[in-house]
Amino acid sequence: MTIAKLRTRPYNVNSNGHKPHLTIARNGNGNGHHAPAARPKISVMLVDDEPTFLRIAQLFLQTHYRNEIEILGTATSGEECLGKAQLLAPQVMLMDLNMPGLSGLQTIPLLRIMFPEMRIIALTLNDGENARRAVLAAGGNDLVSKATMSTDLMPAIRRVMS
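First, a word on scope: everything that follows refers to the structure included in this document. (Residues numbered from 1 in each chain as written. Predicted model: local features only at pLDDT ≥ 70, side-chain atom pairs only at ≥ 80, totals over all residues. Heavy atoms only, no water.)

**Things to note about the environment of isoleucine 121**
For step 1, the next point in the chain: The topology assignment puts isoleucine 121 in strand β6 (residues 119-124).
For step 2, the next point in the chain: Judged by relative accessible area, isoleucine 121 falls into the buried class, the value being 0%.
For step 3, the next point in the chain: Distance in space between the C-alpha atoms of isoleucine 121 and methionine 95 is 6.3 Å, their sequence separation being 26 residues. (Helix = DSSP H or I, 4+ residues; strand = E, 2+ residues; numbered from the N terminus. Buried < 20%, exposed > 50% of the residue type's maximum accessible area, 1.4 Å probe, protein only.)

Right under this line is the structure:
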């Protein structure tokens, strides 16, 4: 029998009158086969002013990474993003940089103030070094080109979550 994980518990008295610090939990169904522990999905919100891109990105992530990603919602502007982020509290925000009104580059520092632990990945067609520096200076964690999203997005999400 293998130990699957150690779990801390608050101090409480067990039947022996002792206050245990650790509880050992074992996975398995008793027949020697042990199921791997399921990792929690990464919660994500998508923000882009182009509804077609939002649908494509959402479909891509749900089709290829449904075991790793949970899409909590989408927004089509920086203003809408700020409101929905308060309700949904995603771990990762995927944000277009160039949107009318409050741009992604203007929204990133506001998100950073509101949600210091949120990971923010900018999505853009302009993926040059200047754009990357601007995203990082604004408080973003990474930048991914929309042109290479199919190969670069999930590794970027994993990277910022590690």
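From this point on, the discussion continues.
**Details of the packing of helix α3 (residues 104-114) against helix α4 (residues 129-138)**
For step 1, the next point in the chain: Between α3 and α4, the least distance of the axes is 8 Å, while the angle of their chain directions is 30 degrees. Relative to α4, the element α3 is oriented roughly parallel. Where α3 approaches α4, its residues Leu105, Ile108 and Pro109 are matched on the opposing element by Ala134, Val135 and Ala138.
For step 2, the next point in the chain: When its residues are assigned to classes, the contact of α3 with α4 shows 6 nonpolar, no polar and no charged. (Axes fitted to C-alpha atoms, helices over the stretch in contact; angles between N-to-C directions. Parallel < 35°, antiparallel > 145°, perpendicular 65-115°, else oblique. Contact = heavy atoms within 4.5 Å. Nonpolar A, V, L, I, M, F, W, Y, C, P; charged D, E, K, R; others polar.)

**Examining the sheet that holds strand β4 (residues 69-75)**
For step 1, the next point in the chain: Here 5 strands make up an open sheet; going across it, the order is β4-β3-β5-β6-β7 and the pairing parallel. Unpaired on one side and paired on the other, β4 and β7 (142-145) mark the two borders of the sheet. Across this sheet, the average inter-strand angle for adjacent strands is 25 degrees, counted without regard to direction.
For step 2, the next point in the chain: As judged from the 5 bridges shared by strand β5 (residues 92-96) and β6, these two strands associate in the parallel manner. Paired with valine 92 across the two strands is arginine 119, which belongs to β6.
For step 3, the next point in the chain: Helix-sheet contacts for helix α5 (residues 149-161) involve β3 (42-47), β4, β5, β6 and β7, and the interaxial angle to β7 is about 170 degrees. (Pairing = 2+ DSSP bridges.)

**Some points on the packing of aromatic side chains**
For step 1, the next point in the chain: The full count for this structure, using the stated rule, is 1 aromatic pair.
For step 2, the next point in the chain: A centroid spacing of 5.9 Å and a plane angle of 70 degrees characterise the contact between phenylalanine 60 and tyrosine 65, whose relative ring orientation is edge-to-face. For the pair shown, phenylalanine 60 and tyrosine 65 are each scored as buried. (Phe/Tyr/Trp six-rings, centres within 6.5 Å; stacked < 30°, edge-to-face > 60°.)

**Let's talk about the pattern of salt bridges**
For step 1, the next point in the chain: This model, assessed by the stated rule, comprises 6 salt bridges.
For step 2, the next point in the chain: Taking the shortest distance from any N to any O, the salt bridge between arginine 132 and aspartate 142 comes out at 2.9 Å. Here aspartate 142 lies in strand β7 and arginine 132 lies in helix α4, a separation of 10 residues in the sequence.
For step 3, the next point in the chain: Taking the shortest distance from any N to any O, the salt bridge between arginine 159 and aspartate 142 comes out at 2.7 Å. Placement of the pair is arginine 159 in helix α5 and aspartate 142 in strand β7, with a sequence separation of 17 residues.
For step 4, the next point in the chain: Taking relative accessible area as the criterion, arginine 159 reaches 48% and is therefore assigned partly exposed.
For step 5, the next point in the chain: The exposure class of aspartate 142 is buried, given its relative accessible area of 8%.
For step 6, the next point in the chain: If you follow the salt bridges from partner to partner, you end up with Asp48, Asp96 and Lys146 in one network. (Salt bridge = Lys/Arg side-chain N within 4 Å of Asp/Glu carboxyl O.)

These values are about where atoms sit, not about what they do.
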